[in-house]
Protein chains: 2
Amino acid sequence: MKYADSGVNIDAAARSLARAKATVRSTWDRRVKSDLGSFGGLFQPAPGEPLLVASVDGVGTKVLIAAQAGRYDTVGQDLVNHCVNDILVQGAEPLFFLDYFATGRLDEDVLPAVLAGFAQACRENGCALLGGETAEMPGLYAPGDFDLAGTIVGRVREEDLIDGSAIRAGDRLWGLPSTGLHTNGYSLARKVLLETAGLALDHVPRELGVSLADALLAVHRSYLPAVRALWAACGRPAVHGLAHITGGGFPDNVPRIMPPGLCAVIDTRAWIAPPLFRLIAAAGDVPPAEMYRVFNMGIGMVVALPPEVDAGAVPDLAAVLIGEVTRGPTPVDLRLA
Amino acid sequence: MKYADSGVNIDAAARSLARAKATVRSTWDRRVKSDLGSFGGLFQPAPGEPLLVASVDGVGTKVLIAAQAGRYDTVGQDLVNHCVNDILVQGAEPLFFLDYFATGRLDEDVLPAVLAGFAQACRENGCALLGGETAEMPGLYAPGDFDLAGTIVGRVREEDLIDGSAIRAGDRLWGLPSTGLHTNGYSLARKVLLETAGLALDHVPRELGVSLADALLAVHRSYLPAVRALWAACGRPAVHGLAHITGGGFPDNVPRIMPPGLCAVIDTRAWIAPPLFRLIAAAGDVPPAEMYRVFNMGIGMVVALPPEVDAGAVPDLAAVLIGEVTRGPTPVDLRLA
């Protein structure tokens, strides 16, 4: 099975966005400092000021698992942490977050639980939950269904901006462990596990040791504490590049930070994909290349560091050496087992 | 018919949000300068800096009309202009906007049209379309359905902040015309016009002179040019308060800017509600009080000005005198015909 079989067509989205590039750029002036495809948008209100870094995201059909499991306090955390990571990769620390909650019929118990999740993750990341919109839209959403979107705004000084341009041949690539699927690939995971394999959310697969609901709803990790620890241990300039492994996996996210002419060689044999990923691959007969394009496979953040820095020695980081930067014609060379 | 009959329960949303207030506030520190219920959230990154003003919104089930009419380039404009107005009422000019587009099955022609709408309104408001998220979520949205959310960030100097605290007894209230329903009350409008009255979107009701689709998809007006003209004509300090008339109408939006002990007395006989509103009221037998709580009734922005300022004399503003500020126990006294 492939991702497109679950009804999600990454290529169609990419083609549509490519067509719209000129339209989007027509709204930009010299205050916009990022290009399309960067993790967060960069905006400098006036010359010399710190850059505002902003990103918007959803949690995909993880919301359907949450609704089905009746567990509403984790998806808000997922979304905040996802957004925090998307601006962290440019060196930004979060200022504030705004949420959008849309549902078919407003359940007075669900909304407070969702907001509690947003608030918990905002507190953990030192980020204000500055605003939100609650929309009750009968006819668009089924009564128990809901969708979430969130926008984060952070800030970074010009001299602290991380955009990958510091990456050099010889840099080593480190992976930081994910806590699960994070917020990507849920349409495929649902199709494979709940439909093809016919498993129930409360089923406890032997290889997982927890219920499918627990495994699938594991909260997307915020890498803010880990990256702060790295900055403290190695100094800010040592962190040459950071890539958040979200939709599109290694093949789509690592190239977003690679300078022209350099190639991130990643050897997937350097770590073992956690059991949930192996269960999906086996149950859905999903080819390895497809797995690595849809899922994070156990690594949610890739860090490029100079060879003399040993991220493995930083306490509590659990960093795994997964590859290195070489000269090469393609931005990423993902070596499958 | 009442709004709740269309499946939207404003009171349930208000109760849920009231329960969540303490949770949301738990994420705030001294950098947050707004309270819950203000149009935009205010955030001051450091003392003395200009305030960032942020707001998130959707366009409600106007998206269903757009999908049904196959017209995708206006709802993006609706959303940008709505957001622009929500921070304009605090005196802020927009910096950038981010969009969220979610659909059941990505149509390669729809997304560029929606983005073109976002881009057009961003250009018109001098605002960068800084980022966006496109989500294909089979199982949550029907194939042709989609939802939109948008977040705007603007800025205002502390001394230019408008929060209604300058409003005085004796101030006069002026209304600026809306272009239609803007983005509120669509669930009720759809129920009344398309279900109860059984009208088709391409039907041209005699009293409208245009098709229902044209009337219902009229683009939400940005009041940025009008308010700039007012600032230029009367000086910034003369604008004591601005209220964007969105969901909840006059009764819910005017109180958001009224200082304690003052009452906005609004006489609805001062203007004639445009034909679309009268058509909905008649076809759905919707009581006047309900109409004024769901719809803008022809006035999308209320401006509080000192009595000596004649907004009616400002060219192209088309401002209508709709009431005045008195001392009184309730923040608004809406006088129905």
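Residues numbered from 1 in each chain as written. Chains lettered and ligands numbered in written order. Predicted model: local features only at pLDDT ≥ 70, side-chain atom pairs only at ≥ 80, totals over all residues. Heavy atoms only, no water.

The transformation that overlays chain A on chain B combines an axial shift of 0.0 Å with a rotation of 180°, and the residual RMSD is 0.0 Å. The two molecules are tied by a two-fold rotation axis, judged by turn and shift. Taken together, the interface assignments show that 100% of the residues at the interface of chain A recur at the interface of chain B, consistent with an identical surface on both copies. (Least-squares fit on C-alpha atoms with pLDDT ≥ 70 in both. Contact = heavy atoms within 4.5 Å.)

The partner chain B presents 78 residues to the 78 residues of chain A that form the contact. Between chain A and chain B lies a buried interface of about 5,800 Å² when both sides are counted; carbon and sulfur atoms form 64% of it. Of all residues in chain A, A:Glu108, A:Leu130 and A:Leu140 give up the largest surface area on contact with chain B, accounting jointly for 10% of the area buried on that side. Residues A:Arg155 and B:Glu49 are paired through a salt bridge, measuring 3.0 Å at the closest nitrogen-oxygen approach. Here chain A is connected to chain B by 14 residue pairs in polar contact (both at pLDDT 80 or more). The greatest single-element share of the side of chain A that touches chain B, amounting to nine residues, is contributed by helix H1 (residues 10-25) of chain A. Of the residues contributing to the side of chain A that touches chain B, the split by class is 40 nonpolar, 21 polar and 17 charged. (Buried area = accessible area lost by both parts, 1.4 Å probe. Salt bridge = Lys/Arg side-chain N within 4 Å of Asp/Glu carboxyl O. Polar contact = N/O pair within 3.5 Å; in protein donor to acceptor, adjacent residues only side chain to side chain. Helix = DSSP H or I, 4+ residues; strand = E, 2+ residues; numbered from the N terminus. Nonpolar A, V, L, I, M, F, W, Y, C, P; charged D, E, K, R; others polar.)

Right, let's get into the sheet that holds strand E4 (residues 128-136) of chain B. All names here are of chain B. Within the open sheet, the five strands sit side by side as E1-E2-E5-E3-E4. Their pairing is mixed. In the strand order of this sheet, the two ends are held by strand E1 (41-43) and E4, each with one partner. Sheet twist, expressed as the average angle between the axes of neighbouring strands with direction ignored, equals 15°. Pairing between strand E2 (residues 51-58) and strand E5 (residues 146-156): eight bridges, direction antiparallel. Residue Leu52 lies in a different strand from E5, and its bridge partner there is Arg155. (Pairing = 2+ DSSP bridges. Axes fitted to C-alpha atoms, helices over the stretch in contact; angles between N-to-C directions.)

In this section: helix H7 (residues 224-234) of chain B. All names here are of chain B. Among all positions in H7, only Leu224, Ala226, Val227, Leu230 and Trp231 are buried. The buried side chains of H7 occupy one side of the element, clustering within an arc of 165° when seen end-on. Seen from the open side of H7, the exposed residues pointing more than 90 degrees away from its buried face are Pro225, Ala232 and Ala233. Tucked inside the fold, the buried residues of H7 contact helix H3 (75-88), strand E3 (93-103), helix H4 (110-125), strand E6 (172-177), strand E7 (241-244) and strand E9 (299-305). Once H7 finishes, Gly235 follows within two positions and takes phi at roughly 90°, a positive value. (Buried < 20%, exposed > 50% of the residue type's maximum accessible area, 1.4 Å probe, protein only. Arc of directions from axis to C-beta.)

Let us now look at the nonpolar core. Core analysis: the largest hydrophobic core is formed by 251 residues, its most contacted members being A:Phe96, B:Phe96 and B:Phe250. Contacts of B:Phe250, omitting those with residues within four sequence positions, involve B:Ile245, B:Pro255, B:Ile266, B:Trp271, B:Tyr292, B:Asn296, B:Ile299, B:Val302, B:Ile322 and B:Leu334. (Core = buried A, V, L, I, M, F, W, Y, C linked by side-chain atoms within 4.5 Å.)

The next point concerns empty space enclosed by the protein. Counting across every chain of the model gives one cavity of 30 Å³ or more. The calculated volume of the largest cavity comes to roughly 50 Å³. Across the lining of the largest cavity, the residue classes tally to eight nonpolar, four polar and one charged. (1 Å grid on protein atoms, 1.4 Å probe; cavity = no way out; pocket = protein on both sides within 12 Å on 5 of 7 lines; lining within 4 Å. Points joined across faces, edges and corners; volume = space filled by probe spheres on them.)

The next point concerns the pattern of salt bridges. Pairing of side chains with opposite charge becomes possible as their charged atoms draw close. Under the criterion given, the structure shown has 24 salt bridges over all chains. Here B:Asp267 ties to B:Arg269 by a salt bridge, and the two come within 3.0 Å at their closest N and O atoms. Accessibility expressed as a relative area gives 25% for B:Asp267, which makes it partly exposed. Judged by its relative accessible area of 58%, B:Arg269 is exposed. A network of salt bridges, in which partner residues are shared, links A:Arg157, A:Glu159 and A:Asp160.

Attention now goes to the domain arrangement of chain A. Residue and element names in this part refer to chain A. Examined at the domain level, chain A breaks down into domain 1 (31-160) and domain 2 (172-335). Once you take the C-alpha centre of each, domain 1 and domain 2 turn out to be 21 Å apart. Between domain 1 and domain 2, the residue contacts involve 28 residues of the former and 31 residues of the latter. Between domain 1 and domain 2, the buried area comes to about 2,600 Å², and carbon and sulfur atoms account for 60% of it. Across the pair Arg228 and Glu93 runs a salt bridge whose closest N-O atoms are separated by 2.5 Å. Our count for the domain 1 to domain 2 interface comes out at 17 residue pairs in polar contact (both at pLDDT 80 or more). Contributions of two or more residues to the side of domain 1 that touches domain 2 are made by helix H2 (62-69), helix H3 (75-88) and strand E3 (93-103). Take the side of domain 1 that touches domain 2: its biggest share by element is eight residues, from H3. Here the side of domain 1 that touches domain 2 is composed, by residue class, of 10 nonpolar, 12 polar and six charged. (Domains from an automatic or database assignment.)

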